[in-house]
Every structure is written in structure tokens, then in C-alpha cells.
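Structural features, examined
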Amino acid sequence: MSDKTFQPARRIVLLGAGSAIVMPLAACVSVLPTLTADGVGMSTEAERKVALARRANGQSPLSADRALEVAAIEQASYMSAGGKMEHTALRGRDFVSRMKANGIAAPAAENLAHGRFDVARVIDVWMASPPHRRNMLDGRFGKFGLGYVSEPDNRRYWAMVLAA
């Protein structure tokens, strides 16, 4: 028998060996950590604090919104993965493109923070910052989402998304 007779069999063996190598690697991809947040549900927790701040400044309360919370957690996850606090997310996705991708129409705004804050403290920090305060008191907004992603050192990447 010549080598040509065994070519198809050799290919099958090589494909089988290649599959044996690739399959465990493919399984590794499925166990890689996904971007998640332990700050889910923060919108509901913050709703009263945000309402008090707005009422004290002549504005109606904002309602917690699940879609906006998802967008906020997404941004917090991007910041955590990138290791920096900024409005432009991984792969250059800016605020406007992220809002469009999440189905959030303008007008909308975003507040970001990074530190060892709880819900009350992050709201206080934003209220003490003129641009963030302006976003939180903007009368065009009727709802918000808030979330964070924790780091091993107990600091958190926070994001709040506000919309009409």
C-alpha cells in the first residue's frame, strides 16, 4: 500500500487529534468570566435619596428604571475591565452609541464615580459636583438607573444613567 492509500485515514486521525486539542480550549472560552456587577438593584435602593435631593431643589422625583440600570451596569463593567473611569467605554464606544445600542433615546446623561462609596455617599458626591448635580436635577429627566462593579480592594466603579 502506498502513502496515498492512507491519506484519507491520516486526515481523519489528524482532524480527530486537532479536535481533541481544540475542544478543551473551546470549553475554556465558555468559563471565562463575563462582565457582571454586584451592584444590581442599586436604582431601587437609591430612589428615595435621589427623590429627596430633587425635591429639595424643586424637581419631581425620578423613578428607577431597569433598562437604564442595565446601561449603567454595562458602563461600570466597561470601566472596571479597562481599569479607568471615563465616559468612552472599551473599544471606543461613547455615551451616545452606548445609549443607542441600549435603546435609550435622548435626552440622556451619565454620571460616573470611582471609590469606596455606598449608595448614599455616591449620590452626595455627585450632588456636590456642579456638572453631576446639574444632571441629577435636570427637569427633562424622569427616570434613572444606577449600578456599580466592585474591585478587589473594595473600590467601586459607579455609573448612573438618566433619561426622559
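All chains use their own residue numbering, which begins from 1 and follows the written sequence. Reporting in this predicted model follows two pLDDT cut-offs: at least 70 for local features of residues, and 80 or more for side-chain atom pairs to be given and counted; totals over whole chains, interfaces and linings ignore these cut-offs and use all residues. The basis for every side-chain value is the complete set of non-hydrogen atoms in the structure, without hydrogens or water.

Quick notes on the pattern of salt bridges
How we decide: Between Lys or Arg on one side and Asp or Glu on the other, a salt bridge is scored when a side-chain nitrogen of the former is within 4 Å of a carboxyl oxygen of the latter. Strands here mean DSSP runs of E at least two residues long; helices mean DSSP runs of H or I at least four residues long; both are numbered from the N terminus. Relative accessibility under 20% of the residue-type maximum defines a buried residue, over 50% an exposed one, and the middle range a partly exposed one, all with a 1.4 Å probe and only protein chains included.
Taken as a whole and assessed by the stated rule, the structure comprises 8 salt bridges. For K49, the salt bridge goes to D124, with nearest N and O atoms at 2.8 Å. With K49 in helix α2 (residues 42–55) and D124 in helix α5 (residues 119–127), this residue pair connects regions lying 75 residues apart in the sequence. Residue class for K49 comes out partly exposed when judged on its relative accessible area of 29%. Where R155 meets D153, a salt bridge forms, and the shortest distance between an N and an O atom there is 2.8 Å. Classification of R155 by relative accessible area gives partly exposed; the value is 30%.

Description of the nonpolar core
Condition: For our purposes a nonpolar core is just a set of buried Ala, Val, Leu, Ile, Met, Phe, Trp, Tyr and Cys residues, chained together by side-chain atoms within 4.5 Å. Contacts between residues were defined by any pair of non-hydrogen atoms, one from each residue, lying within 4.5 Å.
Among the nonpolar cores identified, the biggest contains 22 residues, and V50, I123, W126, F144, L146, W158 and M160 are the most heavily contacted of them. If you list the elements that add at least two residues to this core, you get α2, β2 (108–115), α5, α6 (130–137), β3 (143–150) and β4 (156–163). The biggest single contributor to this core is α5, with 5 residues. When near neighbours in sequence (up to four residues on either side) are disregarded, F144 contacts S43, A46, E47, V50, L62, S63, A64, D65, L68, M160, V161 and L162. If you look at the next biggest cluster of nonpolar residues, it comprises 14 residues, including L68, F95, I104 and Y157.

Regarding the side chain of E151
Take E151: it is sitting in the loop between β3 and β4. Not counting chain neighbours up to four residues away, the residues in contact with E151 comprise H114 and Y157.

Observations concerning the sheet that holds strand β1 (residues 63–64)
The criterion, for reference: Paired strands, as defined in this entry, are two strands with at least two bridges between them according to DSSP. Comment: axis = line fitted to C-alpha atoms, over the contacting stretch for helices; angle = value between 0 and 180 degrees taken between N-to-C directions.
Across the sheet, which stays open at both edges, the 4 strands sit in the order β1-β3-β4-β2 with mixed pairing between neighbours. On the outer flanks of this sheet lie β1 and β2, each paired with one strand and no other. Where β1 and β3 come together, 2 bridges link them in parallel fashion. Directly across from S63, in β3, lies its bridge partner K143. Sheet contacts for α2: β1, β3 and β4; angle to β3, the most-contacted strand, approximately 125°. Of the strands in this sheet, β2 and β4 touch α6, which is tilted by about 135° from β2.

Some details on the environment of L146
Summarising the element assignment, L146 is placed in strand β3. Among the residues examined, L146 registers a relative accessible area of 0% and is labelled buried. Taking C-alpha positions, L146 is 7.9 Å from G41, a pair spaced 105 residues apart along the chain. Not counting residues within four places of it along the chain, the set of residues in contact with L146 comprises G39, M42, S43, A46, E69, A72, V119, W126, W158, A159 and M160.

Some thoughts on the packing of α2 against α5
Inclusion rule: An angle below 35 degrees is read as roughly parallel, one above 145 as roughly antiparallel, one from 65 to 115 as roughly perpendicular, and any other as oblique. Each helix crossing is assigned a hand: it is left-handed if the near helix lies turned anticlockwise from the far helix by less than a right angle, otherwise right-handed if that turn is clockwise. Charged means Asp, Glu, Lys or Arg here, nonpolar means Ala, Val, Leu, Ile, Met, Phe, Trp, Tyr, Cys or Pro, and polar covers whatever is left, Gly included.
It is the contact of α2 with α5, at a shortest axis distance of 10 Å, that shows an interaxial angle of 45°. In terms of their interaxial angle, α2 and α5 are classed as oblique. At the point where α2 passes α5, the crossing takes the right-handed sense. Of the residues in α5, those touching α2 at M42, E45, A46, K49, V50 and A53 are V119, A120, I123, D124 and M127. Each residue belonging to the contact of α2 with α5 can be placed in one class, and the counts come to 8 nonpolar, no polar and 3 charged.

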